[in-house]
Amino acid sequence: MKVRRCTSVFFEPRESSRFDLGSLLSGGNGVMRERCWVALAPHLDGELRVSEEDVLATGRYSPEEWTVLDEPVDEVLLRLLACGLLIADAEVHGAHCLADERYRGLHWWPLAAVTQQAARWNAVDSVESMQRLGTDTVAGLLRSYGAPPSATLERKGVGADVPLMRAETSELDALMERRVTCRNFDSERPLEQALFAQMLQRVFSANGSIAQSEGVEFLKKYTPSGGGLHATEAYLVVQRVEGIDPGLYHYRPKDHALRPLSPPTLPLAEFACEAMAGQHWFAQAPVLVIYAPRITRSHWKYRNHPKAYRALMLDVGHLSQTLYLSATDLGLGAFVTAAINEVQIEQAFGLPALEEGPFAVGGFGWRALTQEIAEFDPMGSVW
Ligand SMILES: Cc1cc2nc3c(=O)[nH]c(=O)nc-3n(C[C@H](O)[C@H](O)[C@H](O)COP(=O)(O)O)c2cc1C
């Protein structure tokens, strides 16, 4: 049998602590600390606890060159082959080999791949967990963490400050001032189809395109995009739009059309709440937009590139601001959040995590008549 190491793996020495009555009764501080090694390998679905022996043994193999193993194979190697840190050419370990080949072909910068994989939430209720930790209010945050760094920064300068003139405000200023993250959507009022279509046209449609050469096409949109690649796809959860069946859709930017997708296994409203990690104030929006970059389009140009992931995140941020401003202009509320259950969204839309995994979710629709959940509107621009 021939083996090699998997393409990317990082080993983290991790310490966890737990309450231990035995320690307390024997005069200790009641805290039991445990140290272990954790392997973070993006071609695997989750992290793995490994031994020190496993760490050293993995490091002995090249990820490029196959090594012929002497038979019989020892226990450590068998364990590493079974968990996928070592890759064998034998069919019995074929699934790990395929997963690693697939990952290798995606051209991730390894640290970004680990981040993308490890930051995913699976059925997390972020609201419940913040309540449990007492970090759902400013008072609770203060109690737990003390005061934050100041709202503005005082740098030591090399001369007197240069005061700047204040410009007359324009319609653009007025629009930007009215932009307030909406946490109170009208749970009954449907969104008119014309407004829905206009929102998608402004934020996601291609206004033009050029085919630079065979198979190389660049789209032009209202929002900038790293490398001009516009890798971010918009997947929609349509809950209340006049004339459009509630369900999951993919937006087609050149045709300005929706492609219906299979429904989620849960009822739509329940799926929306789970996707939003329990943030019911967002889940109620008539339209949710999943921002899911196509990694392969970005990595076509930015191959194994340390800035590619950052550029994709910036792309999503830019799109989100276009969505916010467009919604505000049309009198609608809008939001964005990264506190999402990526795993449930990936399952519902069929998005492989390292190829098309979601980065954030936004949404828009009519505001409710009253503000039940706090919004940040100190100038009273909306409420
Ligand atoms: C990247 C990003 C993530 C956010 N995530 C959440 C979130 O998980 N939950 C939430 O209620 N608001 C979220 N927000 C909204 C912010 O809380 C909000 O922008 C901030 O409080 C300022 O209020 P404003 O947008 O009305 O100016 C997020 C905003 C951004 C830009």
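The coordinates are above.
Because the structure is predicted, anything quoted here is derived from the model rather than measured. (Residues numbered from 1 in each chain as written. Predicted model: local features only at pLDDT ≥ 70, side-chain atom pairs only at ≥ 80, totals over all residues. Heavy atoms only, no water.)

Engineer: Just to check I follow, could you spell out the sheet that holds strand 13 (residues 333–337) for this structure?
Structural biologist: Strand pairs in the sheet, formed through backbone hydrogen bonds, run parallel or antiparallel to each other. With antiparallel pairing, the six strands of this open sheet are ordered in space as 11-10-9-12-14-13. The outermost strands of the open sheet, each flanked by one partner alone, are strand 11 (257–260) and strand 13. Across the sheet, the axes of successive neighbouring strands diverge by a mean angle of 25°, strand direction being ignored. Of the strand pairs in this sheet, strand 9 (residues 232–238) and strand 10 (residues 247–252) are connected by four bridges, and their pairing is antiparallel. Bridging from a neighbouring strand, L236 pairs with Y249 of strand 10. Taken strand by strand, helix 9 (residues 193–204) contacts strand 9, strand 10, strand 11, strand 12 (287–293) and strand 14 (360–365), and its axis lies near 165° from that of strand 9. (Pairing = 2+ DSSP bridges. Helix = DSSP H or I, 4+ residues; strand = E, 2+ residues; numbered from the N terminus. Axes fitted to C-alpha atoms, helices over the stretch in contact; angles between N-to-C directions. Contact = heavy atoms within 4.5 Å.)

Engineer: What exactly am I supposed to notice about the site of the ligand here?
Structural biologist: Looking at the ligand, the residues that line it are R179, V180, T181, R183, Q279, W281, F282, V336, T337, A339 and F376. Contact between the ligand and R179: an oxygen atom at 2.8 Å from a side-chain N or O atom of the residue. The side chain of W281 places a nitrogen or oxygen atom 3.2 Å from an oxygen atom of the ligand. Within the complex, 58% of the 620 Å² of free accessible area of the ligand lies under protein. Elements with a minimum of two residues in the shell around the ligand: helix 11 (280–283) and strand 13. Looking at the shell around the ligand, its residues break down into six nonpolar, three polar and two charged. (Near = heavy atom within 4 Å. Polar contact = N/O pair within 3.5 Å; in protein donor to acceptor, adjacent residues only side chain to side chain. Areas by Shrake-Rupley, 256 points an atom, 1.4 Å probe, with all protein chains shown as cover. Nonpolar A, V, L, I, M, F, W, Y, C, P; charged D, E, K, R; others polar.)

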